[in-house]
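Breakdown of the fold
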There are 2 protein chains.
Amino acid sequence: MKEFQLIEKYFLNRGQKRRDVLLDIGDDCALVEPASGKSIAISCDTLVEGVHFFADMPAHALGYKSLAVNLSDLAAMGAEPAWMTLALSLPNVDEQWLSEFSNGLFEAAEYYQVALIGGDTTRGPRCINITINGQVPKGKALKRSAAKVGDWIYVTGTLGDSALGLDLLRGVYQVAPQFKDYLLNRHYYPTPRVLAGQSLRGLASSAIDLSDGLVSDIGHILKASNVGAVIDANQIPISTALASCVSEEQALAYALTGGEDYELLFTVPESERGAIDTALLHAGVKFVKIGQICAGDKLKFTLDGKPFTPDFKGFEHF
Amino acid sequence: MKEFQLIEKYFLNRGQKRRDVLLDIGDDCALVEPASGKSIAISCDTLVEGVHFFADMPAHALGYKSLAVNLSDLAAMGAEPAWMTLALSLPNVDEQWLSEFSNGLFEAAEYYQVALIGGDTTRGPRCINITINGQVPKGKALKRSAAKVGDWIYVTGTLGDSALGLDLLRGVYQVAPQFKDYLLNRHYYPTPRVLAGQSLRGLASSAIDLSDGLVSDIGHILKASNVGAVIDANQIPISTALASCVSEEQALAYALTGGEDYELLFTVPESERGAIDTALLHAGVKFVKIGQICAGDKLKFTLDGKPFTPDFKGFEHF
């Protein structure tokens, strides 16, 4: 019966309340009332200890990040967050851990107005699975499959910080404290670009969130849209911290192949470039144009105006 | 990249197609179109190897049961199954296992018309989490909280078979082959009472599915509805197999406290008794009246017309 005690103490009656939740934790199912005129966007992500996070990851960060990575998927569809279920496997009942984990989870849930409507707590290896539901006006969802030749390619924020943060945890580098704090924060507390995603509806032709690294993730858009792309490596947005801590070449490798940035990559037709500038300004998110969709199926790079082939093999830790 | 290969081979483009699924596996989120006038029922269940199932459980049965236990939650709300996401953690890539698991999963999915719309496959200890979505006409969902004094208590099917099946796997008993097959089948392939649950809408005052055992599960209705109950132990439906394999007293203990029957327990006002008979006859499900809701907060039993206190302590394997 410990399962139910855990749920009641740390997860019941906490976090965001929503008027469209008719019944939450405590019955066989939760009941929610979808808004009329909207489709429901659904995604799920699992984080397994030893695979997706280290055993000593701070529980507050893990709670926050577990939800943030799911919110990032909604952001990439242009959907508004709504409801989530949490499946939590834990090897034992650690009240301190549960308190911090749930605080981190609900911090993100309240900020992004997500209601926890159900879940399942089981004894087992530490593992967190969240299934998230969002809503998006019918026909307005951002897909991966509609990028067109000539569309411009943009990304939000800066890239590569989270991957360097991970390497700091692994002890690969030692860096100055102010950079370390920033980089670990980017790794532990990614910012899902939820408002930016919604701002892109009707303007961007395609979008994806960068979870596995730019090179890998843009590949999904190219494949789904049956196009190629040219990226200007000089335009890849790199933070002061990343630029200060590693060589220029290493910084670019982190930015292009490091994962877990949870920034958005999206494509925009020439006709919507002005509108995108205005829309993202209102969303308060930095963004930059890094390339263009072209015919074919290849991903190419330029550096200083010349064709450029990044040598990712030199970075074996990826 | 093995993750994606697995998904593509065993889970993509398989199973039930639904017209209300706008986008399934392959983008950041799935997109579905909820029906107007309906609420969405959402539930999730996790099965962890070594906790919820033995390592040698046949993969086909595990795939089937993983979905069936979630469908049972929808049944208890009177909801129609619609969409599911699957989070699958596996320690290694075992093609034979994946083939059988997915065949079992899709067998249930096709029968109950559930579309697999998304998921996440990760390396880790073997663990299956399904989040299921169903739809139910607004205001018609069956809850745990509306049982009233005087309502009659019913259950579908027979109780205790699955728990004895589990004890056969544990080697607690040896029984005749024809009984063994039946009991293991009840344990491995529970029948979610999906049609029966829908038939109860507007007639039953409350409902729950029996996953933890009758005594434990009816407790949730009594607590949520703030009522008590009297159960006539002579009316508890016991299969020929269960009755043939163990003593009368043991059979009753299995039926009252054994889990994983996935039958429905529901309450019906006197005024709807005739309608319930007709409705469940059409659903093709056996059911029996086992007791009545009363004032107070206690669960009491009678046997042969006299007050009766089951001695569950004698059955330590529960």
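Residues numbered from 1 in each chain as written. Chains lettered and ligands numbered in written order. Predicted model: local features only at pLDDT ≥ 70, side-chain atom pairs only at ≥ 80, totals over all residues. Heavy atoms only, no water.

Digging into the interface of chain B and chain A
Many descriptions give the size of an interface as the accessible area lost when the pieces come together. We count it as follows: In this analysis, two residues are considered to be in contact whenever any of their non-hydrogen atoms come within 4.5 Å of each other. Values labelled buried area give the accessible surface lost by two parts on being combined, using a 1.4 Å probe and summing over both. A pair is scored as a salt bridge if a Lys or Arg side-chain nitrogen falls within 4 Å of a carboxyl oxygen belonging to Asp or Glu. Residues adjacent in sequence count toward polar contacts only when both atoms are side-chain atoms; beyond that, a polar contact is any pair of N or O atoms within 3.5 Å, and within protein one must be able to donate a hydrogen and the other to accept it. Runs of E in the DSSP output that reach at least two residues are strands. Runs of H or I that reach at least four are helices, and both are numbered from the N terminus. Note on residue categories: nonpolar means Ala, Val, Leu, Ile, Met, Phe, Trp, Tyr, Cys or Pro, charged means Asp, Glu, Lys or Arg, and polar means any other residue, Gly included.
Opposite the 54 residues of chain B that make contact, chain A presents 54 residues. Here chain B packs against chain A, burying approximately 4,000 Å² in sum over the two surfaces, 59% of which is carbon and sulfur. Applying the counting rule to chain B against chain A returns 6 salt bridges. At the surface where chain B touches chain A, the tally comes to 19 residue pairs in polar contact (both at pLDDT 80 or more). Of the residues forming the side of chain B that touches chain A, the biggest block, 10 residues, is contributed by strand E3 (residues 38-48) of chain B. Grouping the amino acids of the side of chain B that touches chain A by side-chain chemistry returns 26 nonpolar, 13 polar and 15 charged.

Here we look at the sheet that holds strand E2 (residues 30-32) of chain A
This is how the line gets drawn: Each pair of strands is called paired provided DSSP finds at least two bridges between the two strands. The angle between two axes is taken between their N-to-C directions and runs from 0 to 180 degrees, where each axis is a line fitted to C-alpha atoms and a helix contributes only its stretch in contact.
An order of E1(A)-E2(A)-E3(B)-E6(B)-E4(B)-E5(B) is seen for the 6 strands of this open sheet, with the pairing classed as mixed. Edge strands, defined here as strands with exactly one partner in the open sheet, are strand E1 (21-23) of chain A together with strand E5 (115-123) of chain B. Shown here is a sheet whose adjacent strand axes are inclined to one another by a mean of 20°, direction ignored. Docked against the sheet, helix H2 (residues 59-77) of chain B engages E1 and E2 of chain A together with E3, strand E4 (80-90) and strand E6 (127-137) of chain B, running at close to 30° with respect to E6 of chain B.

Describing the domain arrangement of chain A
All names here are of chain A. Which entries qualify depends on this criterion: An automatic or database domain assignment is the source of the domain bounds shown.
If you check the domain split of chain A, you get domain 1 (2-137) and domain 2 (152-305). At the interface, 21 residues of domain 1 touch 20 residues of domain 2. Across the domain 1 to domain 2 interface the summed buried area is about 1,700 Å²; carbon plus sulfur atoms make up 63%. Across the contact surface, domain 1 and domain 2 share 2 salt bridges. The salt bridge partner of Glu260 is Lys65, with a shortest N-O separation of 3.1 Å.

As for the pairing of strand E10 (residues 264-268) of chain B
Residue and element names in this part refer to chain B. Our working rule: Only protein chains enter the accessibility calculation, which uses a 1.4 Å probe; a residue whose area is less than 20% of its type maximum is buried, one above 50% is exposed, and one in between is partly exposed.
Most of E10 is tucked away: 5 of the 5 residues are buried. Burial along E10 is two-sided: the face carrying Leu264, Phe266 and Val268 and the face carrying Leu265 and Thr267 are both buried. In this structure, strand E7 (residues 152-156) lies alongside E10, joined through 4 bridges in antiparallel fashion. What sits directly across from Trp152, in E10, is Val268. As paired strands, strand E8 (residues 206-209) and E10 are joined by 4 bridges and run antiparallel to one another. Within the sheet, the bridge partner assigned to Ser206 lies in E10 and is Thr267.

Here we look at the environment of Pro269 of chain A
Residues and elements named next belong to chain A. Relative to the helices and strands, Pro269 is located in the loop between strand E10 (264-268) and helix H10 (273-283). Pro269 gets classed as partly exposed once you look at its relative accessible area, which sits at 21%. Taking the C-alpha atoms as reference, Pro269 lies 11 Å from Tyr154; in sequence the two are 115 residues apart. Every residue in contact with Pro269, bar those within four places of it in the chain, is listed here: Asp151, Leu203 and Ser205.

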